[in-house]
Amino acid sequence: EEVERSAEPGKWSQVKGTIQWASSRAWDGIESVGEALIDMIGLNDSRYQWAIDEHFKQKELEEEARRCEQLADAELNSSSAA
């Protein structure tokens, strides 16, 4: 009887370890599936990404217009100097 009592705590710790391992694996699987679904649906994208993209596009257009103006001014100055 003493042998059985001493064996039971080891048995239960092994069962507990197996349950912890299995639940950890299940959680990892659920987390992976959830991340894949979120990526597929697009819920992890920035809510205002369109506004950010528009801001940078507008800024780029303004810089291009400024470069064109500087180039045109440089051509005017060089043609008037000649």
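These figures come from a predicted structure and were not determined experimentally.

Some details on the overall build of the chain
Phase 1 of the analysis: When helices and strands are tallied, the chain shows two helices and zero strands.
Phase 2 of the analysis: By the burial criterion, 0% of the 82 residues in the chain qualify as buried.
Phase 3 of the analysis: Accessible area for the chain stands at about 7,900 Å²; split by element, carbon and sulfur atoms hold 57% of it.

Describing a nonpolar patch on the surface
Phase 1 of the analysis: On the surface, Val33, Leu37, Ile38, Met40, Ile41 and Leu43 cluster together to form a nonpolar patch covering roughly 630 Å² of accessible area.
Phase 2 of the analysis: Overall, Met40 belongs to the exposed group, its relative accessible area being 66%.

A word on a negative patch on the surface
Phase 1 of the analysis: Negative charge collects at one region of the surface, where Asp28, Glu31, Glu35, Asp39 and Asp45 lie side by side.
Phase 2 of the analysis: Checked against the element boundaries, Glu31 lands in helix H1 (residues 2–41).
Phase 3 of the analysis: Judged by relative accessible area, which is 41%, Glu31 ranks as partly exposed.

Calculation criteria
- Residues numbered from 1 in each chain as written.
- Predicted model: local features only at pLDDT ≥ 70, side-chain atom pairs only at ≥ 80, totals over all residues.
- Heavy atoms only, no water.
- Helix = DSSP H or I, 4+ residues; strand = E, 2+ residues; numbered from the N terminus.
- Buried < 20%, exposed > 50% of the residue type's maximum accessible area, 1.4 Å probe, protein only.
- Areas by Shrake-Rupley, 256 points an atom, 1.4 Å probe, with all protein chains shown as cover.
- Patch = residues over 30% accessible without salt bridge, like charges linked within 9 Å, V, L, I, M, F, W, Y side chains within 5 Å.
- Salt bridge = Lys/Arg side-chain N within 4 Å of Asp/Glu carboxyl O.
- Lys, Arg positive; Asp, Glu negative; His and termini not counted.
- Charge placed at Lys NZ, Arg CZ, Asp CG, Glu CD.

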